[in-house]
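# Observations on chain architecture
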Amino acid sequence: MNSFEKVQRCFDLLPVERRQDIPVYPMMLLYPGRVAGVTQKDLLADTDTWIGALEATFQKVGYPDICQGNPPGDVIFLHGLEALRPGYELGEDESFQLKETCRMEVEDYQDIVDNGYLQWYNRYLCTIQHPPITSPQEMGQRWMTVGMNAAKVGQYLASRGVAPIHGTASGTPFDTLSMVRSFQEFIYDLYDEPDLVKAAIDRATPEVLGNILGALEHSPVKRASLYAMRSDANAISPEIFEEFSWPSLKKLILGLHDAGVQVVLHADGNWLPMLPKLLEIPKGSILVELDGVTDIHAAHDILKGWQAIRGDLPATLMAFGTPDEVSAYCEDLIKMAMGGGFVLGSGCEIPLNCKLENLKAMMDSVRT
């Protein structure tokens, strides 16, 4: 069974007969630079350099079934926050850092409602680039570059028999607004201007959906990642989630599902109180990526047989554990994975200080 078949069977929630048929996905964005001896500055500067670092890593640990679909320089852009960059604001081999400051006023919600979300968001994006982007044409070119780079990465991965995790990715309106406004100010807004925030999210949702579908129109990978990075119980209450975040997220998932697009929901933080809501959407419509904070056994009890899960080797284990400890953790996950609908993966990203032998132990757990 090849990697593409494994991924499809996972979405179809079909049980596996052999551990070798469990898809494995170590999410690697920055770590390959450590393996290949490439500085973070150089890794972010050039897609081909990142692909070369990926290949060097795969040569040492084996090829996964799934891989990140965008190079790190574009991932920074897609986050929608100003970045401190290695080799500029930071040392050449330091990890980039996202800088969250309030770059949005309450009046901007009304601008979104009156004039649309994407026009506002692209104007905002222009201001946080280095150097700032000064024209719509230049911003359009930047988005085209994201697409071309994703196609280049996809071609490389396909040549190695590896499936990209997505054809395109997007933040959700609730989570994106929380970052641009800054989390503290955004929480105030939820209490002070709830109807205005809801109206802005409602205006944004169909635009985000259309933007995703447009990006996937010519992509062979009909799969989209949604990053709901502020919709977990560590950030907001289940009541706030149900009132402000879930209606938009549900519409996005349903709209993509109706268009034949699989959804990867990147669910950072503790999603356990929110997971029952995912039973409201069609069976097998999403893959939920958990990062080690959500109790994966409890998550599996809620979602098994209805939605697929990816997880969840913690960064601490990959950095400070031993290969035997990694193997034991994987064996526990493999027991769940045999029932189907499970991707053996890292909890979010493989950390920069991961031990190579630990990554190999993770890969070997479903290869031998």
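Residues numbered from 1 in each chain as written. Predicted model: local features only at pLDDT ≥ 70, side-chain atom pairs only at ≥ 80, totals over all residues. Heavy atoms only, no water.

## Observations concerning the overall build of the chain
Counting its regular elements, the chain contains 16 helices and eleven strands. In terms of its C-alpha atoms, the chain occupies a principal-axis envelope of roughly 60 × 45 × 40 Å. Intrachain contacts of the chain at a sequence separation of at least 6 include 75% that bridge at least 24 residues. The centroid of the 30 positive side-chain charges in the chain is displaced by 6 Å from the centroid of its 50 negative side-chain charges. (Helix = DSSP H or I, 4+ residues; strand = E, 2+ residues; numbered from the N terminus. Contact = heavy atoms within 4.5 Å. Lys, Arg positive; Asp, Glu negative; His and termini not counted. Charge placed at Lys NZ, Arg CZ, Asp CG, Glu CD.)

## Considering the packing of aromatic side chains
The full count for this structure, using the stated rule, is ten aromatic pairs. Judged by centre distance (5.9 Å) and plane angle (40°), the rings of Tyr117 and Trp120 are tilted. Taken together, the positions of Tyr117 and Trp120, both in helix 7 (residues 117-127) and three residues apart, correspond to about one turn of that helix. Owing to a relative accessible area of 3%, Trp120 belongs among the buried residues under this scheme. Ring geometry for Phe241 against Trp271: centres 5.6 Å apart, planes inclined by 80°, an arrangement best described as edge-to-face. On the criterion of sequence distance, the pair formed by Phe241 in helix 12 (residues 238-258) and Trp271 in the loop between strand 8 (262-267) and strand 9 (286-290) is long-range, its members being 30 residues apart. Of the two residues, Phe241 and Trp271, neither departs from the other in class, the shared state being buried. Taken together, the ring pairs connect Tyr117, Trp120, Tyr121 and Tyr124 into an aromatic cluster. Residue placement shows Lys41 over the ring face of Tyr88; its charged tip is 5.3 Å from the ring centre. (Phe/Tyr/Trp six-rings, centres within 6.5 Å; stacked < 30°, edge-to-face > 60°. Buried < 20%, exposed > 50% of the residue type's maximum accessible area, 1.4 Å probe, protein only. Lys NZ or Arg CZ within 6 Å of the ring centre and 35° of its normal.)

## Some remarks on helix 7
Within the sequence span of helix 7, burial applies to Tyr117, Trp120, Tyr121, Tyr124, Leu125 and Cys126. In this structure, the buried residues of helix 7 make contact with helix 5 (72-79), helix 6 (106-115), helix 8 (136-159), helix 9 (173-181) and helix 11 (194-216).

## Some points on the sheet that holds strand 1 (residues 24-27)
The strand order across the open sheet built from seven strands is 1-11-10-9-8-7-6, with neighbouring strands paired in parallel fashion. The open sheet has two edge strands, strand 1 and strand 6 (168-171), and neither has a second partner. Adjacent strand axes in the sheet meet at a mean angle of 25°, parallel and antiparallel pairs treated alike. Sheet analysis places strand 1 next to strand 11 (residues 342-349), joined by three bridges and oriented parallel. Bridging from a neighbouring strand, Tyr25 pairs with Gly345 of strand 11. Strand contacts of helix 11: strand 6 and strand 7 (223-227), with the helix running at about 165° to strand 6, the strand carrying the most contacts. (Pairing = 2+ DSSP bridges. Axes fitted to C-alpha atoms, helices over the stretch in contact; angles between N-to-C directions.)

## What to know about the pattern of salt bridges
Following the criterion strictly, the structure yields 21 salt bridges and no others. With a shortest N-O distance of 2.6 Å, Glu331 and Arg19 are connected by a salt bridge. In this pair, Glu331 sits in helix 15 (residues 323-337) while Arg19 sits in the loop between helix 1 (3-11) and strand 1, placing the two residues 312 residues apart along the sequence. Among the residues examined, Glu331 registers a relative accessible area of 30% and is labelled partly exposed. Between Arg181 and Asp189 there is a salt bridge, with its nearest N and O atoms 2.6 Å apart. (Salt bridge = Lys/Arg side-chain N within 4 Å of Asp/Glu carboxyl O.)

## Some thoughts on the pairing of strand 6
Side chains of strand 6 alternate between two faces, with Thr168 and Ser170 and Ala169 and Gly171 buried alike. Across four bridges, strand 6 lies against strand 7 in parallel orientation. Directly across from Thr168, in strand 7, lies its bridge partner Ala224.

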